[in-house]
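If you want the building blocks of each chain, they are given just below.
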Amino acid sequence: AEAAARGSPGRSFETLRVTPEGDRVLHVELHRPEKRNAMNAAFWREMVECFQDIGQDSSCRAVVISGAGKIFTAGIDLVEMGSEFMMVEGEDVARKAWNLRRKVREYQETFSVLEKCPKPVIAAVHGACIGGG
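Engineer: Sorry, what's going on with unusual backbone geometry here?
Structural biologist: The backbone of Arg24 sits at a positive phi, close to 70°, despite the residue not being glycine. Inspection of the secondary structure assignment puts Arg24 in the loop between strand E1 (16–20) and strand E2 (25–30). Arg24 gets classed as partly exposed once you look at its relative accessible area, which sits at 33%. Positive phi is not limited to glycine here, since Asn37 has a value of about 55°. The topology assignment puts Asn37 in the loop between E2 and helix H2 (41–56).

Engineer: What am I meant to see in the nonpolar core here?
Structural biologist: Nonpolar side chains in soluble globular proteins tend to end up buried together. If you look at the biggest cluster of nonpolar residues, it comprises 21 residues, and the most contacted ones within it are Leu16, Val28, Cys50, Phe51 and Ile54. Sorting the residues of this core by element identifies E1, E2, H2, strand E3 (62–67) and helix H4 (93–116) as the ones contributing at least two each. By residue number, the principal contributor to this core is H2, which donates 6 residues. In contact with Cys50, not counting residues within four places along its chain, are Phe13, Leu16, Val18 and Val28.

Engineer: Sorry if this is basic, but what is going on with the state of the cysteines here?
Structural biologist: In this structure the tally under the stated criterion is 0 disulfides. Looking at Cys129, it has no disulfide partner, and the nearest cysteine sulfur is the one in Cys50, 17 Å off.

Cut-off values and rules
- Each chain carries its own residue numbering, running from 1 in the direction its sequence is written.
- Only residues with pLDDT of at least 70 are given local features in this predicted model, and only at 80 or more are side-chain atom pairs given and counted; all residues enter the totals for whole chains, interfaces and linings.
- As a convention, hydrogens and water are excluded, and side-chain values are obtained from all of the structure's heavy atoms.
- Under the DSSP-based scheme used, a helix requires at least four consecutive residues in state H or I and a strand at least two consecutive residues in state E, with every element numbered from the N terminus.
- For each residue, the accessible area found with a 1.4 Å probe, counting protein chains only, is set against the maximum for its type, and the residue is called buried under 20%, exposed over 50%, and partly exposed in between.
- What is meant by a nonpolar core is a set of buried Ala, Val, Leu, Ile, Met, Phe, Trp, Tyr and Cys residues, joined one to another through side-chain atoms within 4.5 Å.
- The contact rule is simple, with two residues in contact once any of their heavy atoms fall within 4.5 Å.
- Two cysteine sulfur atoms form a disulfide, by the criterion used here, when they sit within 2.5 Å.

Here's what the structure looks like:
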């Protein structure tokens, strides 16, 4: 749990806080309370990195995921991420659709990594849980 609590050697997270809770349990907290834990670009990347690390951590037997502040999550950070989906690259409709599909599949991995995690993952949802949450 020690390595995962640090995010792995040399790695720190901007949007997540990982701490040991009791014996062999890790607490992953969405940690952007000032933005109601809205999911920005760093979040999408860090969730994959974090849960891949946890999956390899033999000292961890279970994970609890929660959100800091008043709500679990406000969903996608539209201020930061809106252009990711509205301004898709491509010369024509088919290429734009292909690139949008690729982007959606890439972001889907953020949630698939929870399902793929070999440890039980318990979501402690409180308050609102909107959109991607």
